[in-house]
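# Structural features, examined
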Amino acid sequence: MSKKTLIAALGVAAGLGVAAMPAAGVFADPATDDSTEEIKVIINEALEINCVTETTAGASEVTMASGQSNSDLSTKCTVVTNAAKGFTLSVKDVDSELALTNSGTRPQDRIEAVANAATTEGWSLTNTDGTGAGVVTSPFAIKATDQIIHYQADPTDDQGKSVTVNYTFNTLADQAAGTYTDEIVYTATANV
């Protein structure tokens, strides 16, 4: 047999093989498989605090005489957060020295932290617009531990939440001249 004959015979055999296949196999639904995928986006928690301390005239300090009272200085803290459970704003002294002091060591060289400087010589804080669970009542003395001045259980909008704390200073009649300072820290913490 020649090559041509062999090829023709294979062609006929192949043709008969296709014709002999059952029709159900040719027209059946194709095999399928699927995979379910979880699409995940993680939004990082963000929290920002910005505080400004100034008088109503825009100064960063008050000037006063011995034996006087002054409540013109305040700190405004604005907190912006996307934390799902909101935030807590607190204030505390940075160390255990709670008085405003100058370089001297006599009682006249200190302005002590007191619960209400409107009625007692010393200095105190007043929380003017902080609200929520556990918020310290006003007026109050600074402490070396956190004192909650605002609690919010949900995120802020993009403008944030502003809380203002006013300071009252009531000096001794014989208060020594000088610059009195203390450092306090405002902390915003995301609620968990």
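Structural notes, computed from the coordinates. Remember, predicted model here, so these are calculated numbers, not experimental data. (Residues numbered from 1 in each chain as written. Predicted model: local features only at pLDDT ≥ 70, side-chain atom pairs only at ≥ 80, totals over all residues. Heavy atoms only, no water.)

### Here's the deal with the state of the cysteines
The bond known as a disulfide is covalent and runs between the sulfur atoms of two cysteines. As a reminder, the rule being used: The term disulfide is used for any two cysteine sulfur atoms that are within 2.5 Å. Only DSSP runs of H or I reaching four residues or more are called helices, and only runs of E reaching two or more are called strands; each is numbered from the N terminus.
Scanning the model with the defined rule gives one disulfide in all. The disulfide that involves Cys51 links it to Cys77, with 2.1 Å between the sulfurs. Across the S-S bond linking Cys51 and Cys77, the dihedral sits near 110°, which makes this disulfide right-handed. You can see Cys51 sitting in strand 1 (residues 47-55) and its partner Cys77 sitting in strand 2 (residues 69-81), a full 26 residues away along the chain.

### A look at the side chain of Thr55
Convention followed: Exposure categories follow from relative accessible area, calculated using a 1.4 Å probe and restricted to protein chains: below 20% of the type maximum is buried, above 50% is exposed, and the middle band is partly exposed. Throughout, a contact is declared for two residues whenever any of their heavy atoms are within 4.5 Å.
Looking at the secondary structure, you find Thr55 in strand 1. The exposure class of Thr55 is buried, given its relative accessible area of 7%. Apart from the residues within four sequence positions on either side, Thr55 is in contact with Glu61, Val62, Asp72 and Leu73.

### Some thoughts on the sheet that holds strand 9 (residues 184-190)
Applicable threshold: In this scheme, strands are said to pair when DSSP sees at least two bridges between them. In this description, a line fitted to the C-alpha atoms serves as the axis of each element, helices being fitted only across the stretch in contact, and the angle between N-to-C directions of two axes falls anywhere from 0 to 180 degrees.
Spatially, the three strands line up as an open sheet ordered 7-3-9, and their pairing is antiparallel. Each edge of the sheet is formed by a strand with only one pairing partner; in this case those strands are strand 7 (147-152) and strand 9. Across the sheet, the mean angle from the axis of one strand to that of its neighbour is 15°, orientation sign disregarded. The sheet contact formed by strand 3 (residues 87-93) and strand 7 spans five bridges and is antiparallel. If you follow Phe87 over to strand 7, its bridge partner there is Gln152.

### Focus on the sheet that holds strand 1
The sheet built from four strands is open, its strands ordered 1-2-8-6 with antiparallel pairing. Of all the strands in the sheet, the pair left with one neighbour each is strand 1 and strand 6 (122-127). Taken over all neighbouring pairs, the strand axes of this sheet differ in orientation by 20° on average, direction set aside.

### Some words on the packing of aromatic side chains
The relative placement of two aromatic rings is captured by the distance of their centres and the angle of their planes. Condition: Pairing of aromatic rings covers Phe, Tyr and Trp, the last counted by its six-membered ring, and requires centre-to-centre distances within 6.5 Å; plane angles under 30 degrees mean stacked, over 60 mean edge-to-face, and any other angle means tilted.
Counted according to the given criterion, the structure contains three aromatic pairs. Between the aromatic rings of Trp123 and Tyr167, the centroid separation amounts to 6.3 Å while the plane-to-plane angle is 40°, which identifies the pairing as tilted. Pair noted here: Trp123 is in strand 6 and Tyr167 is in strand 8 (residues 161-170), with a separation of 44 residues, a long-range link. You'll find Trp123 and Tyr167 in the same group, each marked buried. Considering the side-chain rings of Trp123 and Phe169, the 6.5 Å spacing of their centres and the 15° angle between planes classify their relative orientation as stacked. Residue Trp123 is located in strand 6, and its partner Phe169 is located in strand 8; the two are separated by 46 residues in the primary sequence. By the ring-pair criterion, three or more aromatic residues cluster together here, those being Trp123, Tyr167 and Phe169.

### Digging into the nonpolar core
Rules: Nonpolar core, defined: a set of buried Ala, Val, Leu, Ile, Met, Phe, Trp, Tyr and Cys residues in which side-chain atoms within 4.5 Å join the residues together.
In terms of nonpolar packing, the biggest core is built from 21 residues, with Leu89, Trp123, Leu125, Ile149, Tyr167 and Tyr186 touching the most fellow members. For this core, the secondary-structure elements that each account for two or more residues are strand 2, strand 3, strand 6, strand 8 and strand 9.

By themselves, these observations are geometric and do not establish any function.
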